[in-house]
Amino acid sequence: MNFVFLSPNFPKTYYHFTQGLRNNGVTTLGIGDEPYDQLSQECRDSLVEYYKVNSLENYDEVYRAMAFFTFKYGRIDWLESNNEYWLLRDAQLRTDFNINTGLKNDSIDGIKYKSKMKEYYAKAGVPTARYHLVNSLEEGLAFVKEAGYPVIVKPDNGVGAAATYKLKNEEQLRDFYANLPEVQYIMEEFINGSIVSYDGICDSNRDIIFETCHFFTESVMDVVNKGLELCYYSRKQIPADLKDAGRRTIKAFNSNSRFFHCEFFLLNEDKAGLGKKGDVFGLEVNMRPPGGYTPDMMNYANDIDVYQIWANMVCYDKGNFDAEKRPYAAAYASQRKGKAYAHSHADIIAKYDDYIVMYEEMPEVLAGAMGDYAYMARFETDEEMFAFLDFVVQKKEG
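A quick note: this is a predicted structure, and the numbers were derived from the prediction, not measured.

(A) Fine view of the overall build of the chain. Secondary structure assignment for the chain yields 15 helices and 16 strands. Scaling as 2.2 N^0.38, a compact globule of 398 residues should have a C-alpha radius of gyration of about 21 Å, and the chain matches this with 21 Å. In terms of principal-axis extent, the alpha carbons of the chain reach across some 60 × 55 × 40 Å. Counting all 398 residues of the chain, 53% fall into the buried class. Considering only residue pairs separated by 6 or more positions, the chain has 67% of its internal contacts joining residues 24 or more positions apart. Carbon and sulfur atoms make up 46% of the accessible area of the chain, which amounts to about 17600 Å² in all. Charged side chains of the chain number 44 positive and 60 negative; the gap between the two group centres comes to 2 Å.

(B) Representation of the environment of Trp78 in the model. By the element assignment, Trp78 lies in strand S4 (residues 78–80). Taking the C-alpha atoms as reference points, Trp78 and Met370, separated by 292 residues in sequence, lie 30 Å from one another. Trp78 has contacts with Met1, Asn2, Phe3, Val4, Ile99, Thr101, Ser257 and Val314, leaving out every residue within four places of it along the chain.

(C) Spotlight on the packing of aromatic side chains. Tallied over the entire structure, the rule returns 36 aromatic pairs. Aromatic pair Tyr352 and Phe388: ring centres 5.1 Å apart, planes at 80°, arrangement edge-to-face. Taken as a pair, Tyr352 in helix H13 (residues 345–352) and Phe388 in helix H15 (residues 382–393) lie far apart in primary sequence, 36 residues in all. The exposure class of Tyr352 is buried, given its relative accessible area of 7%. Grouped by ring-pair contacts, the aromatic residues Phe3, Phe5, Tyr14, Phe17, Trp78, Phe259, Tyr307 and Trp310 constitute a single cluster. Seen from the ring of Tyr36, Arg44 lies directly overhead, with NZ or CZ sitting 5.6 Å from the centre.

(D) View of unusual backbone geometry. With an omega of -10°, the peptide bond between Phe10 and Pro11 qualifies as cis. Inspection of the secondary structure puts Pro11 in the loop between strand S1 (2–6) and helix H1 (15–23). Looking along the chain, the bond that leaves Tyr149 and enters Pro150 is cis, with omega of -5°. Secondary-structure assignment places Pro150 in the loop between helix H7 (137–147) and strand S6 (151–155). The backbone of Ser7 shows a phi angle near 55°, a positive value even though the residue is not glycine.

(E) Structural context of the pattern of salt bridges. Applying the stated criterion across every chain, the model contains 20 salt bridges. Salt-bridge contacts for Glu49 lead to Lys72; the nearest nitrogen and oxygen are separated by 2.9 Å. Placement of the pair is Glu49 in strand S3 (residues 49–52) and Lys72 in helix H3 (residues 59–73), with a sequence separation of 23 residues. Taken together, the shared-partner salt bridges in this structure form one network comprising Lys118, Lys154, Glu188 and Glu284.

(F) Here's a closer look at the nonpolar core. Formed by 43 residues in total, the largest nonpolar core has its most connected members in Phe264 and Phe388. At 6 residues, H15 tops the list of elements feeding residues into this core. Membership of the second largest hydrophobic core comes to 23 residues, among which are Phe281, Ala330, Tyr332 and Met376.

(G) Here's a closer look at the side chain of His132. Within the element layout of this structure, His132 appears in strand S5 (residues 131–133). A relative accessible area of 14% means that His132 is categorised as buried.

(H) Spotlight on the sheet that holds strand S10 (residues 208–216). Here 8 strands make up an open sheet; going across it, the order is S13-S12-S9-S10-S11-S14-S16-S15 and the pairing antiparallel. If you trace the sheet from one side to the other, it starts and ends with strand S13 (280–286) and strand S15 (356–361), each paired once. With direction set aside, neighbouring strand axes in the sheet form an average angle of 20°. Across 7 bridges, the pairing between strand S14 (residues 329–335) and strand S16 (residues 373–379) is antiparallel. The residue of S16 that forms the bridge with Gln335 is Tyr373. Contacting strand S9 (193–202), S10, strand S11 (231–234), strand S12 (258–267), S14, S15 and S16, helix H11 (residues 294–302) crosses the sheet at an angle of about 105° to S10. Packing of H13 onto the sheet brings it into contact with S14, S15 and S16, and relative to S15 it is tilted by some 165°.

(I) Broad picture of the sheet that holds S6. A sheet is described by the order of its strands in space; here 4 strands give the open sequence S5-S8-S6-S7, paired in antiparallel fashion. Pairing within the sheet leaves two strands with one partner each, and these edge strands are S5 and strand S7 (165–167). Ignoring strand direction, the axes of neighbouring strands in this sheet form an average angle of 25°. Two elements, S6 and strand S8 (residues 185–189), share 5 bridges in a ladder whose sense is antiparallel. For Val151, the partnering residue across the bridge sits in S8 and is Glu189. Most of the contacts of helix H6 (residues 114–124) go to S8, to which it runs at about 50°, and overall it touches S5, S6 and S8.

(J) Just the packing of H13 against H15, in detail. Axis separation between H13 and H15 bottoms out at 10 Å; the angle between their running directions is 160°. One element, H13, and the other, H15, form an angle in the roughly antiparallel class. The hand of the H13/H15 crossing is right-handed. On the side of H13, the interface is formed by Asp347, Ile348, Lys351 and Tyr352, while H15 contributes Ala387, Phe388, Phe391 and Val392. Considering only residue class, the contact of H13 with H15 consists of 6 nonpolar, no polar and 2 charged.

Calculation notes
Residues numbered from 1 in each chain as written. Predicted model: local features only at pLDDT ≥ 70, side-chain atom pairs only at ≥ 80, totals over all residues. Heavy atoms only, no water. Helix = DSSP H or I, 4+ residues; strand = E, 2+ residues; numbered from the N terminus. Rg over C-alpha atoms; globule rule 2.2 N^0.38 Å. Buried < 20%, exposed > 50% of the residue type's maximum accessible area, 1.4 Å probe, protein only. Contact = heavy atoms within 4.5 Å. Areas by Shrake-Rupley, 256 points an atom, 1.4 Å probe, with all protein chains shown as cover. Lys, Arg positive; Asp, Glu negative; His and termini not counted. Charge placed at Lys NZ, Arg CZ, Asp CG, Glu CD. Phe/Tyr/Trp six-rings, centres within 6.5 Å; stacked < 30°, edge-to-face > 60°. Lys NZ or Arg CZ within 6 Å of the ring centre and 35° of its normal. Salt bridge = Lys/Arg side-chain N within 4 Å of Asp/Glu carboxyl O. Core = buried A, V, L, I, M, F, W, Y, C linked by side-chain atoms within 4.5 Å. Pairing = 2+ DSSP bridges. Axes fitted to C-alpha atoms, helices over the stretch in contact; angles between N-to-C directions. Parallel < 35°, antiparallel > 145°, perpendicular 65-115°, else oblique. Left-handed = near helix turned anticlockwise from the far one by under 90°. Nonpolar A, V, L, I, M, F, W, Y, C, P; charged D, E, K, R; others polar.

Keep in mind that these numbers describe shape and distance, not what the molecule does.
What follows is the structure, given as structure tokens:
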């Protein structure tokens, strides 16, 4: 099998994907814009060959790299980046090189455009917030008259919480329309809910191979726009209603043979015409691994290797692991530069050294959403985990 992986060096743990494939005897071919001698040794060892381009944004260069690999190794069987930013690039390359093991141009819209996702959530029987595609101020005012303030505006084709805003009144609404971005935006009614994700890997029949969930203490939109600390965690058990909604969602979307990251709201209060407190609402889907080092958190919580499980799915359409084993609750907590915290890095290490499984100073491109200093830890009980989260983010008094 010939597998082309785009940008195998970023995030830095993504070489584990090609490593898992190579463990299974796959011919792993990488395309990226970092010089070969600057790749980590682990990344180099995971690849049969690497083709450097000046920019992955330059489609002609990437196309030529694909043509070279096809000439040298024969037909390309799989192509993937596992990165939301490159989903459209992946689809275009699959279309141009007739790679049938992933989404092509004619089927990518449902997992890339937030407005299209609504149709698939409806197919799954999962409710979503009301919305409209931003056009004129008059239409925006009419939508707000129906849905009420605040409303959320974000790019219809966007990555994460980039350029996402909450408009609280007509003044802010008019200012948004007066400076309307050039890209297509979507406007949604605001839902007072806690964000939880349903994450995992599915096979070619959209049956679940591996599944877990993550609870977020703040929305990523607020983390980015307000400079908050990102804290999220996974518990030993997935709530039954979330598991049901998540599985129905995966069955409804174009999600064959993929890692998935599905985001939901759990309503914090009854909302007339929508649902009761605790009901599950669809937010958006991302048919790629959850961001940052969350795949590593899955590994630590479950004592597994999700990168190898994904590679086994690619090669054998099954995971080949113990799906019942889940010994830990795991948590991610971050701090921000320039903020005064009650506990220093030394304090955190002194108290939780036996539990911390990863500490990272996040690269700038990830820091906006993930925090500047990131701690990941695992515990046998939820109580220990919540105490750790509070300890890391606690501010100095005064």
